[in-house]
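For reference, the chains in residue letters:
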Amino acid sequence: MQHSSLGTILEDRNNGFNGVRLLAATAVFVSHAFLIAPAGWHGEPLDGSAYNLGQISVNVFFFLSGMMLSRSFALKPDLISFIAARLLRIFPGLIACGAATAWIIGAMNTSESLAAYFTDPATLTYPLRVLVQFNVAELQGVFQHGQEPGEINVPLWTVKFELFAYAAFLAIPILGLFGSRLCAVLLTLGFGAMLAVSSVTHAFDTSFWGSIIRFGFCFTLGMSAFLYRDSIRPNWPLALFGIILAMALPPWPLGQVFSALAFAYFAVTLGGSSLPWLTRATNRSDISYGLYLYSFPIQQALIARHGVTPASALGVSFLAFAIAVLAAYCSWVLIEKPALSLKHWFRVSAPARG
């Protein structure tokens, strides 16, 4: 598949961006497998770079989100439909994952008796608490082993920032600024400048505002990419050079900005490449969100408990990944896809002309 621009790629129904999201979710799984395996060093691949493998993947998610949401709103500029679509994409799958985590995975991995566990209000309310507490929602006695004891579902911490991004995005059309290249570029440059300053001063390294800055840059970068889609042309040598440089360079003032840019361009290039088997599979079943939701509790249940040697950690990782893919597929078929089919209820019909 040869494309002259990002705009052409986005108009092609057979583009590979669902596949890119799936690969990013898989990379998060791989990164966390290194983090939680008792046989590991309690680190993640590329920890010495501007961002490690898991962080790079999340940056790509936010870039793609900014780009795809911009395209979605450009095609159907209706705020009610937009809000409904976003809520239906996030919450039904998250509630179902919360129920499966608390009532199945948690029940099999708690140090409490089953009677005590299922009479604990925290167990019964977890699927709803996770909607507002995300990764800090607790379950009594669950996962008291491995190198991340008590952590139920760490990746959920990014979901609240995705919701913040959606809410902030709404302000743009409300203010009449949607489609303004100047607005998008100024936002991108502003977040990029703050990210560069933060990487030097370390003022926001582990804070809420540090995440807002980082994800804000990736998200607005995606918005700008959409608005300049006809001027952006994928180029494999340039894309590979960029990500190799981003991974190889030691920390430097613009390292985080450069890494986000390099992997965003890599995602665009990969999304426009010909991977027929991956494109067909992901266009039928978009399991990337489900894989992101289910991976960590399944990894905790298997890898953190049984990956006590490098060999066993590797073997159990493959098993955990297979189970996570199955859970993600079930989530898509039984929960996410049916929920998304309800979007038409919220479409605002154009007034009839007399």
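Parameters and conventions
- Positions within a chain are numbered from 1, following the residues in the order the chain's sequence is written.
- Note on the predicted model: pLDDT of at least 70 is required for a residue's local features to be given, and 80 or more for side-chain atom pairs to be given and counted; whole-chain, interface and lining totals, by contrast, use all residues.
- The side-chain values count all of the structure's non-hydrogen atoms but skip hydrogen atoms and water molecules.
- Only DSSP runs of H or I covering at least 4 residues are called helices, and only runs of E covering at least 2 are called strands; the numbering of each starts at the N terminus.
- Radius of gyration here uses only the C-alpha atoms, and the compact-globule reference equals 2.2 Å multiplied by the residue count raised to the power 0.38.
- Buried, partly exposed and exposed residues are distinguished by accessible area as a fraction of the type maximum, computed with a 1.4 Å probe on protein chains only: under 20%, between the cut-offs, and over 50%, respectively.
- Any two residues whose heavy atoms approach within 4.5 Å at even a single point are treated as in contact.
- Accessibility throughout is a Shrake-Rupley quantity obtained with a 1.4 Å probe, and a residue counts as covered only by protein chains that appear here.
- His residues and chain termini do not enter the charge count, which takes Lys and Arg as positive and Asp and Glu as negative.
- Positions of charges follow a simple convention, taking NZ of Lys, CZ of Arg, CG of Asp or CD of Glu.
- What a helix is expected to span follows from its residue count: subtract one and scale by 1.5 Å.
- N or O atoms within 3.5 Å of each other form a polar contact, as long as, within protein, one can give a hydrogen and the other can take it, and as long as residues adjacent in sequence are counted only when both atoms are side-chain atoms.
- Salt bridge criterion: a side-chain nitrogen from Lys or Arg within 4 Å of a carboxyl oxygen from Asp or Glu.
- Buried Ala, Val, Leu, Ile, Met, Phe, Trp, Tyr and Cys residues form a nonpolar core when they are joined through side-chain atoms within 4.5 Å.
- On a scale of 0 to 100, pLDDT captures the predictor's confidence in every residue.

Take the overall build of the protein next. Secondary structure summary: the protein contains 14 helices and zero strands in total. For the protein, the succession of helices and strands along the chain, N to C, is α-α-α-α-α-α-α-α-α-α-α-α-α-α. Relative to the compact-globule value of 20 Å for 354 residues, the protein shows a C-alpha radius of gyration of 21 Å, a close match. For the protein, the proportion of its 354 residues judged to be buried stands at 52%. When contacts within the protein are restricted to residue pairs at least 6 apart in sequence, long-range pairs at least 24 apart make up 76% of them. Of the roughly 16,500 Å² that the protein leaves accessible, carbon and sulfur atoms contribute 69%. For the protein, the centre of its 19 positive side-chain charges and the centre of its 15 negative side-chain charges are spaced 14 Å apart.

This next bit is on helix H10 (residues 236-248). An ideal rise of 1.5 Å per residue puts 18 Å on 13 residues; H10 measures up with 18 Å between its terminal C-alpha atoms. On its buried face, H10 is in contact with helix H11 (255-271). Its side-chain oxygen at 2.9 Å from the backbone nitrogen of leucine 238, asparagine 235 defines the N-terminal cap of H10.

This part covers the environment of proline 45. Its location among the elements puts proline 45 in the loop between helix H2 (17-36) and helix H3 (53-75). For the pair proline 45 and serine 31, spaced 14 residues apart in sequence, the C-alpha to C-alpha distance is 6.1 Å.

Turning our eyes to something else, we now look at unusual backbone geometry. For histidine 42, which is not a glycine, the phi torsion comes out positive at approximately 60°. Take histidine 42: its relative accessible area is 36%, and that puts it in the partly exposed class. Positive phi, close to 60°, is recorded for phenylalanine 143, a residue that is not glycine. Tracing the backbone shows phenylalanine 143 in the loop between helix H6 (121-133) and helix H7 (159-174).

This part covers the pattern of salt bridges. Counted under the stated rule, the structure contains four salt bridges. Here arginine 71 and glutamate 11 are joined by a salt bridge, their closest N and O atoms 3.8 Å apart. Highlighted residues: arginine 71 in helix H3 and glutamate 11 in helix H1 (residues 6-11), separated in sequence by 60 residues.

A separate point is the side chain of threonine 269. Among the structural elements, threonine 269 can be located in helix H11. According to the relative accessible area criterion, threonine 269 is buried, its value standing at 1%. For threonine 269, the side chain forms a polar contact with the main-chain oxygen of tyrosine 265, separated by 2.9 Å. Ignoring sequence-local partners within four residues, the contact set of threonine 269 consists of Pro234, Asn235, Trp236 and Ala239.

With that out of the way, let us pick up the nonpolar core. Within the largest apolar cluster, 102 residues are counted, with the highest numbers of intra-cluster contacts made by Met67 and Leu94. Sort the elements by how many residues they give to this core and helix H13 (residues 288-306) lands first, with 11 residues. Those residues in contact with leucine 94 that sit more than four places away from it in its chain are Val130, Leu131, Phe134, Leu156, Val159, Tyr289 and Leu293.

Time to look at the side chain of asparagine 52. Position of asparagine 52 among the secondary structure elements: in the loop between H2 and H3. Residue asparagine 52 is classed as buried on the basis of its relative accessible area of 8%. Within polar-contact distance, the side chain of asparagine 52 engages the backbone nitrogen of glutamine 55 at 2.9 Å. The residues contacting asparagine 52, other than those within four sequence positions of it, are Ser31, Glu44, Pro45, Leu46 and Asp47.

Turning our attention to the confidence of the model for the protein. When pLDDT is averaged along the protein, the result is 93, and 97% of the positions lie at 70 or above. Confidence, read as mean pLDDT per element, is least for helix H12 (residues 276-284) in the protein (86) and greatest for H6 (98). In this model residues 349-354 is a low-confidence stretch, pLDDT under 50, and it forms zero contacts with partners more than four residues away in sequence or in other chains.

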